[in-house]
Each structure stands twice: as structure tokens, then as C-alpha cells.
Amino acid sequence: ELRLSMATACSGTDAPVVAMRVAQEALARRGTFFEFDHVMSCEIEPYKQSFIARNNPGVLLFNDIAECGATPRGKSATTAYGGLAAVPSASMIVAGTSCKDFSNLKGKDRKSIEAMGTSGETFIGFVNLLFEQQHDVGILENVQGAEWDKMAYYIEGRLPLRSVAPGGGGAKVHELRFEVAGDAFVVSEVSEFAAARLGARLLGFREVGARHQSTSKKKPPFFEPGGGALTPISSAQFRGSAVGLASLCERFGLGDDHELCFAAPVAYRTTLAYLDAKEWGVPQTRARKYMLLWKEGSFGEGVEVARRWHELCTHLRCPLKYNVDSFLLADENDRVHRFRDALRGPLGRLTAVSRQGGDWWGEQANKDTQANKDFRACRGGKVGQFLKTPLAELSRPYTNWGGQGQASLASHTWWSELVSVLSQRQLDMIDCFGVKAAELGLDPLHHSLWWNISQNVGRTENIPLPGITGCITPGGEHFGPHKGRSILGYEKLLLSGIPADKLLLGTESEVQLSDLAGNAMVMPVVSAAILAVLCLPAYARKLAEDAKFSLASLASHEAGGGARGGAATFSEGQRVELRCGERWEPANIADVNEDGTYDVALAAGAADAGKMFGGVGAAHVRRRASEGRVEAASAIQRCGAGCSTRRRRSRRGSERCAPSPTRFTRGSGQRWSCLRPRAPRLTPPPPRCAASAVPSSSATRLTRAAPTPSTVSRGPICATTRARRACFSCPSTTPRRSTCSTSRTTSSSTRLSGATTRTACTPRRTSSRPSAG
């Protein structure tokens, strides 16, 4: 059994909560009880508050993380609804504080934490909330360019003196000042280059080891562990009411090989991991850093928490199987229709006029125009992505854009209404990037390339990996020249691993959906980070019991690894026993999934014979004493002609069709609770077909001889209700002869073991609607 109470803050879509609920459902199907409790969320954007409240009914939703952090434990803070509620505590907090001031896109306008911009304010609020509620574990997510060293210093309550000023110097160390409070020094003024909490009490100093720069950008610099003990600092013999850090260091003889230690309500330790979304099965290059923080001793004594967490996160990676195009909605989808209709409407025309007016290349030129001209002259662009051959300024092979919005598209499949609202800068970027792709031997009209045309040529990757998009940002606009379209906000949620079809979406606009996806944590990544924390105690115990234990051996023996060489491997059609609670029931292996799990059908003799279970692990299946094989096809197919049913074809019996309350996805582990036994019946019961509201009892009754094991039945279709197809079989997708309703000639598909059945039926229709009779 697993238990987790979680608080989230600044996470946008609350992806950690969605991930844990998905994990809860998956573990329940495997017989593991996971008690998950979402105790609170914190979000300041009104439409995000609405989104969270709609998808998490009853959860405490607070308005401002800074106010929550300043609220003492047990006291009340303002909720998103204007009321007051006590800030609850939880065993884990997951937060994604604002990244606006840390992003590389800010350039020279980036701000430090101490500047108290949006990023600094939300981070300090998170630290205060952490110390007030004293969570056992926390996970913090942000961009790579965030001040991660400072963040660790704030949380751990230490300040290496070599980090005080840029370059390791001491030019501005005097800006950090202390005041004398009794016999202690307390921080009274913070510095832009010193990570010390306002009001923190100085305990003392100790020696630290040498600093080493990591050879990989995925790993931060690290320090050799210092062997020095803490040396207390007292202000008992100090004269004066305030002192600067420079004077303090001079008085006690401190240098770059020392660090200051501050008092903190809770002793936390931290570690940092570099996680990229495309290594967790999502076709998006979204490199983020995740910080794990935990109380000292919360995982036991002697446990290498940082090392084990990194190993588990790495173990939970999954290969990338699907490209961006697999996540796009079809052109016939209602969301796509509404989006394109809006572009054709008054709002789209107004946007086109505002963006396409004038000549961006001439009288309305700006710094972005010069950047594009430099790129064409092989002088600009992202480092390593310059053009090798100069491109003429008026060479526009893909859009042929001109002043006042004229354009001639390279492909008729492009969304002309979308291209009409693109600015001239964006159109010119498409031409520039298309020529660069051609230099590399890639035809952008036939390769899955996605360019972010919301930035200029100097900040955008023009050579992305085919089939993988760049980082999805709130204001990003990703254009695929092979499709001639952009990625919609709903699709961006899917590309972040968030099951948008399971969420309640309201009146969010395309801009708001894009903002939700751009600020969201990638669900498979944050799920791996959280699950690694939950598995860490058991992993540490296993290593203590068996020093030779490895995660690779666990993968081959796990529920998902039975088909990859584990101790218990089964093949399709094998007779087994399935664990149902405390008892074992006879069953058959219906299918072996790609992830190593099994689709299992309860056999005759079981309490619920005929029921099927998907995604069953090897731990819940064992060999039967009378081991053997049964003949069963592995394909799970949806019923034709729009019938919302599933069927399984058996060479030993007839095909059966049964209603499905939910959509079935192969390998998802969804329970098949409505399939009937496949044993042939002389007079089958009247089931109800999902394609018709009329029970099959109103259709023509059929009586037939029992088929031989080598015969596959082909039941007719009723001309009145079309519901009769659920009695014996679903119509095959292959052409076959049918019975004429006029001459009542028997179809060859109804000849079963020499028995002839006469019935009034019509050829199968391709429409999903029931026949009118």
C-alpha cells in the first residue's frame, strides 16, 4: 500500500495531480492500493483557478503563494473565492514557480531572486511555505537558466562565500548586512549576489571543499565535501548594532574556502536533475531541471537519497514512439473547424489587416528585419545554424510574400486562412528556414519539421529533430510546413503528456489553452520524479538486503517485464490462473501487449467466466496445473458500421459482439467487463447492440446447429433494426455475399455446418446510423 498527500503551487494545469490519479488507476488494476489525497492548490491567474477548480472539485484553492508562505502554520489565508481557510500541511509539495525572470528569452532584462520580480517573489513564497508547513519532501521545477545554486542555498540555509559576487570576487560583499540581536547576527539587508533569507540567524561557518565544474551541461557544478565542523559565531564581544559581510569575514578570517550557516526551521537537503521531455516518450524538446528536497533522515539513516532518486528517474524513462503528427487533431475535428472559422471571420480579417499592413522589408523595417537580412547573408541565426550559401533578399520560395499581405503558397494543403494572419516577419522566417532545411537535404514539404516562428531567427532552432517539436512556450507558435498549419492549444496539452480528453475544458480560448500547456509540467516527467520518490524507500531496503540487486533485474521480473525474459513468461493462448483478490481463477492469455503485460480472459469454471482484464502483470498470473493452449486471435477490433462494440474472433467458437461503456485502447489495461463467453450457443440470448436502441429481441430469431471448431460464423444483419449483428457476429470488413431481401436467398455466410437458415437481410451499409427499415 502507498499513501501520499500532496500540495501543489504554481503548477498551472496541476499536472502532478493528474499524473498521480492516472498512476492510482493503473496501480489499482494491478492490485496495489494507492491512497492519494490532493490537499491544496495555489494559483493566481483567474482562468487557471477556474480550470483547477473544475477538474479538482472540493480542493482548497489559494490565491497567492506569497501570502500562503507568510501565513503561520495553522492560520488562515485568502482563498481564490475571497474567503479564508487554514493552509493545510501535506507530506509532499510540488511547485513550478514562475520562470519569466529566469528565461533566456529575457536577455539582458533577466532578474535575480533578490530583485523580487515575479520569479523571485514566487520562489521566496515557496521557501517560506516550505518552512512553515514543514513538508517531508518537495519537488521544484523551473527552466535551466534559473538560479539553481541560490535556490539550494536558500533551502539548505548555507552561503558559500565564493558564490557571493560574480566571478568569485568580493566587490559587493558589503551589501549583505547583519544586525546584532542579543548574542547573534541576523540578516537585515539582502544582496543581489548573496543567497540569504531576510531575518535568518547566523549560526557560524565551516570549511568547504574545492569546486569542480561538471563536464556535462546536465549536471551542475559540485563541491568536494568539507571535513570542517561548524564553528559558532557570537556577537557577544562585538561593538555596534550592524555589520557588513566584508567586515565580518575580515574579523573572523573567512575566505572562499568557507561557507556561512544559517538557522532554519527544518534541515533540508537538495539534489538537482536535468530531465528532457523527449526521453520520457513525449515528442517535445523541453529541457527542465527538477530539484528534489527532503528532510534529513526522512528516508532513514545511511540512504543515498540523491543517488537513488537519480537512478530511479533514469530507470523510468521510456523510448519515444510517436511523432508530433500523431498528436494532431484531424481536419474534420470540431475544434479545428472552430479555429479555422474564427480565422476566416471578422477577428481573423482584423488581425490580418493589423499584421500585413505596410512593407516590413522596406519602410516599416525594424531590428527583426535586419536579423532576417543577416541570416540571408550568412551572418545571423542561432550559432551553428547559419546559411552556408547566401540567399537573395527577395527570394521567397515557400510563401512568395510581398507588401500588403500578398502571398502565393508552395502547397495547396496549407491553411490559407492561417497564413493570411501571419506577419511578414513570420512568413520570411518560413522561407529562411525552408532554405536552410534544403541545404541539409530535408524537404520541409515532406519532412515533419516544426519551427517556432514566434521568435526571430537568432533565437529559434531552425534544424529541429524531424518529428519532434521545440519547447512549447505560452506565446509560442509552432508551424509545420509539411502540414501547412500550426499546433493548436488543445494539441499542445496532448504534447505535454496531459490527457486533455479526460479533463473538463470550459470556455478557455486558444491563447489560454496555449498558456496552460506552455506553463505546465510535462506529465510523464513529473510523474517519474514523484514515483521515484515513492519507490525510493523500497529500493533502498532492497539494496540493503541484496547488494547485487539492480533495477535492470527488476525490469525483467516486474509485471511489465514478464514477456522480456522474466521468471514467468506466458504466450498467447496459454492456460493460466488469474489472481482475483484472495483466490485464483482459471483463465487464458488472450494477448501479449508491447509493454510486457497480458490481456487475460476468465475461462469456464471461474465465477465471472468470460470477463476480460487488460494490462495484467506477470505477478498476478501463474501457470495452471493442466497447462495447455487454446486457439484465440490476438487482434481486438472495433465493430464496423459505427457500432460502439468490441469483438474477439475465436477459431473454436463464434464471434461475439458486446456493448462497451468506454472507449477501449489496446494495451491501456482497461477492464473488459462486458464480453460474453465465446462458447457457441444453440439459442443465444438477445443482446443489445450499441448501434441501435432497439433490443435484438425484436429482430428475427435464428436457430442453427452448433458449429464445428473450424467454422467461423457469419450472422446476418436485420433490415429493420440492424441489431441482429450483435447476436452472432459483427459484419466483417471484407466483402461477402448477403441475402437478398426480395428473393430471400440464403447467403453463404449463414451456412453453418450444412444447416441453412433463411432470413430477410440486406447488404451491409457503410453508414454508422441504424437502418430505417
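Coordinates for the structure precede this section.
Cut-offs applied
Residues numbered from 1 in each chain as written. Predicted model: local features only at pLDDT ≥ 70, side-chain atom pairs only at ≥ 80, totals over all residues. Heavy atoms only, no water. Helix = DSSP H or I, 4+ residues; strand = E, 2+ residues; numbered from the N terminus. Contact = heavy atoms within 4.5 Å. Core = buried A, V, L, I, M, F, W, Y, C linked by side-chain atoms within 4.5 Å. Buried < 20%, exposed > 50% of the residue type's maximum accessible area, 1.4 Å probe, protein only. Polar contact = N/O pair within 3.5 Å; in protein donor to acceptor, adjacent residues only side chain to side chain. Pairing = 2+ DSSP bridges. Lys, Arg positive; Asp, Glu negative; His and termini not counted. Salt bridge = Lys/Arg side-chain N within 4 Å of Asp/Glu carboxyl O. Disulfide = S-S within 2.5 Å. Axes fitted to C-alpha atoms, helices over the stretch in contact; angles between N-to-C directions. Parallel < 35°, antiparallel > 145°, perpendicular 65-115°, else oblique. Left-handed = near helix turned anticlockwise from the far one by under 90°. Nonpolar A, V, L, I, M, F, W, Y, C, P; charged D, E, K, R; others polar.

The next subject is the environment of G605. Of note, G605 is situated in the loop between strand 24 (598-602) and strand 25 (612-616). Contact partners of G605, with chain neighbours within four places excluded, come to E585 and P586.

This part is about the nonpolar core. L4, M6, W309 and I530 are the most contacted members of the largest nonpolar core, which totals 95 residues. The element contributing the most residues to this core is helix 15 (residues 523-545), with 12 residues. If sequence neighbours within four positions are ignored, L4 has contacts with M20, F34, E35, F36, D37, S91, M92, I530 and L534. C42, I65, A146 and Y268 belong to the second-largest nonpolar core, a separate cluster that totals 39 residues.

Turning to the environment of S11, a few remarks are in order. Position of S11 relative to the elements: it lies in the loop between strand 1 (2-9) and helix 1 (15-29). When the C-alpha positions of S11 and K48 are compared, they lie 9.7 Å apart, and in sequence the two are 37 residues distant. Once residues lying within four places of it in the same chain are set aside, the contact partners of S11 are P16, E43, N519, A520 and M521. Here the side chain of S11 touches D14 through a polar contact of 2.6 Å, side chain to side chain.

Along strand 24, five of the five residues are buried, which leaves the element largely enclosed by surrounding structure. The two faces of strand 24 match: Y598, V600 and L602 on one face and D599 and A601 on the other face are all buried. In this structure, the hairpin formed by strand 23 (residues 583-592) and strand 24 is closed by a connection of five residues, where G596 is found at a positive phi of approximately 95 degrees. Pairing between strand 24 and strand 25: three bridges, direction antiparallel.

In this structure, R396 sits in the loop between helix 10 (367-376) and helix 11 (416-419). Salt bridges are absent for the buried R396, whose nearest opposite-charge side chain, D428, sits at 4.3 Å. Separated by 2.7 Å, the side chain of R396 and the backbone oxygen of W401 make a polar contact. Leaving out residues up to four positions away in the same chain, R396 has contacts with W361, R376, W401, G402, D428 and D431.

Let us look at the pattern of salt bridges. Under the counting rule described, the total for this entry stands at 26 salt bridges. Its salt-bridge partner being R288, residue E141 comes within 3.8 Å of it at the nearest N-O pair. Of the two residues, E141 sits in strand 7 (residues 137-143) while R288 sits in strand 18 (residues 287-295), which places them 147 residues apart along the sequence. Looking at R288, the relative accessible area reads 13%, which means it is buried. When salt bridges that share partners are traced, they join E156, R158, R206 and E259 into one network.

Right, let's talk about the state of the cysteines for a bit. All told, the structure shown has zero disulfides when counted by the stated rule. This cysteine, C471, is not joined by any disulfide, and C99 carries the nearest cysteine sulfur, 8.6 Å off. Look at C471 and you get partly exposed, because its relative accessible area is 23%.

Time to look at the sheet that holds strand 10 (residues 184-189). If you trace the three strands from one edge of the open sheet to the other, you get 10-9-15, paired in antiparallel fashion. What marks the edges here is a single partner per strand, and that holds for strand 10 and strand 15 (242-244). Across the sheet, the mean angle separating the axes of adjacent strands is 35 degrees when strand polarity is ignored. Where strand 9 (residues 177-181) meets strand 15, three bridges bridge the pair, whose relative direction is antiparallel. Paired with F178 across the bridge in strand 15 is V243. Strand contacts of helix 6 (residues 245-252): strand 9, strand 10 and strand 15, with the helix running at about 85 degrees to strand 15, the strand carrying the most contacts.

Below, the discussion takes up the sheet that holds strand 24. The five strands are arranged 25-24-23-22-26 in an open sheet whose pairing can be described as antiparallel. At either end of the open sheet lies a strand with only one pairing partner, and these are strand 25 and strand 26 (621-623). Taking each pair of neighbouring strands and ignoring which way they run, the sheet shows an average axis angle of 40 degrees. Examined bridge by bridge, strand 23 and strand 24 share five bridges and lie antiparallel to one another. Considered in strand 24, the bridge of I589 is made with V600.

In this section: the packing of helix 1 against helix 15. Where helix 1 contacts helix 15, the axes come no closer than 9 Å and their chain directions differ by 70 degrees. When the axes of helix 1 and helix 15 are compared, the pair comes out roughly perpendicular. Helix 15 is crossed by helix 1, and the crossing has right-handed handedness. On helix 15, the residues that touch A15, P16, V18, A19, M20, V22 and A23 of helix 1 are M523, V526, S527, I530 and L531. The residue inventory of the contact of helix 1 with helix 15, partitioned by class, reads 11 nonpolar, one polar and no charged.

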